[in-house]
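# Survey of secondary and tertiary structure
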Amino acid sequence: MEVKAKAKYLRFSPSKGRLVADMIRGKSVHEAVGMLSYTPRKSARAVKKLLDSAIANAQTREGVNVDELYVKSICVDEGPTLKRIRLRSMGRANRIFKRTSHVTIVLDEI
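My aim in this report is to walk through the structure given alongside it, one point at a time.

The rules behind these values
Residues numbered from 1 in each chain as written. Predicted model: local features only at pLDDT ≥ 70, side-chain atom pairs only at ≥ 80, totals over all residues. Heavy atoms only, no water. Core = buried A, V, L, I, M, F, W, Y, C linked by side-chain atoms within 4.5 Å. Buried < 20%, exposed > 50% of the residue type's maximum accessible area, 1.4 Å probe, protein only. Helix = DSSP H or I, 4+ residues; strand = E, 2+ residues; numbered from the N terminus. Contact = heavy atoms within 4.5 Å. Salt bridge = Lys/Arg side-chain N within 4 Å of Asp/Glu carboxyl O. Patch = residues over 30% accessible without salt bridge, like charges linked within 9 Å, V, L, I, M, F, W, Y side chains within 5 Å. Areas by Shrake-Rupley, 256 points an atom, 1.4 Å probe, with all protein chains shown as cover. Lys, Arg positive; Asp, Glu negative; His and termini not counted. Charge placed at Lys NZ, Arg CZ, Asp CG, Glu CD. Axes fitted to C-alpha atoms, helices over the stretch in contact; angles between N-to-C directions. Parallel < 35°, antiparallel > 145°, perpendicular 65-115°, else oblique. Left-handed = near helix turned anticlockwise from the far one by under 90°. Nonpolar A, V, L, I, M, F, W, Y, C, P; charged D, E, K, R; others polar.

Our next topic: the nonpolar core. In this structure, Leu51, Ile74 and Leu107 are the most contacted members of the largest nonpolar core, which totals 27 residues. In terms of residue count, the dominant contributor to this core is helix 3 (residues 42-60) (seven residues). Beyond its immediate stretch of four places on either side in the chain, Ile74 contacts Ala21, Ile24, Arg25, Val47, Val103, Thr104 and Ile105.

This part covers unusual backbone geometry. Among all residues save glycine, negative phi is the norm, and among peptide bonds the norm is trans. Not every positive phi belongs to a glycine, and Tyr9 is a case in point at roughly 60°. Mapping Tyr9 onto the fold places it in strand 1 (residues 3-10).

For the rest of this paragraph, the subject is the pattern of salt bridges. Considering all chains together, one arrives at five salt bridges under this definition. The residue Glu2 makes a salt bridge to Lys72 at a minimum N-O spacing of 2.4 Å. Of this pair, Glu2 sits in the segment before strand 1 while Lys72 sits in strand 2 (residues 69-78), and the two are 70 residues apart along the sequence. Relative accessible area serves as the criterion here: at 39%, Lys72 is assigned to the partly exposed category. As a salt-bridge pair, Asp22 and Arg25 come within 2.7 Å of each other at their nearest N and O atoms.

Positive charge collects at one region of the surface, where Arg11, Lys16, Arg41, Lys42, Arg45, Arg84, Arg86, Arg88 and Lys98 lie side by side. When contributions to the positive patch are tallied by element, the ones reaching two or more residues are helix 3 and strand 3 (82-87). By the element assignment, Lys42 lies in helix 3.

Where helix 1 (residues 14-24) meets helix 3, the closest approach of the two axes is 9 Å, and the angle between their N-to-C directions is 55°. Looking at the two axes, helix 1 sits oblique to helix 3. For helix 1 against helix 3, the interelement crossing comes out right-handed. Counted together, Lys16, Gly17, Val20 and Ile24 of helix 1 and Ser43, Ala44 and Val47 of helix 3 form the full contact between these two elements. Split by residue class, the contact of helix 1 with helix 3 holds four nonpolar, two polar and one charged.

Dropping the structure here:
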């Protein structure tokens, strides 16, 4: 039985979030939580919080054994980009793109 959890508009770029997602894809839930706890990346904290939410969703369903769950798929998609400017010398300006991410986790039983 599949269990899903989504988080939208997270403030890290999708490319940096995919590095963390590739690390836990296919792992058991307990192993993934352990890996995310000791990963020193901003995106790892957000993905761990989302994984905890997916585990809580699984516990509310009947017939799901939490000890047998694994990360079936994790997808980090691009969200809207916040556009800002940085003033430069001689009247110029540079664009700054603050990227956001949408993360989806699907857990399944072994």
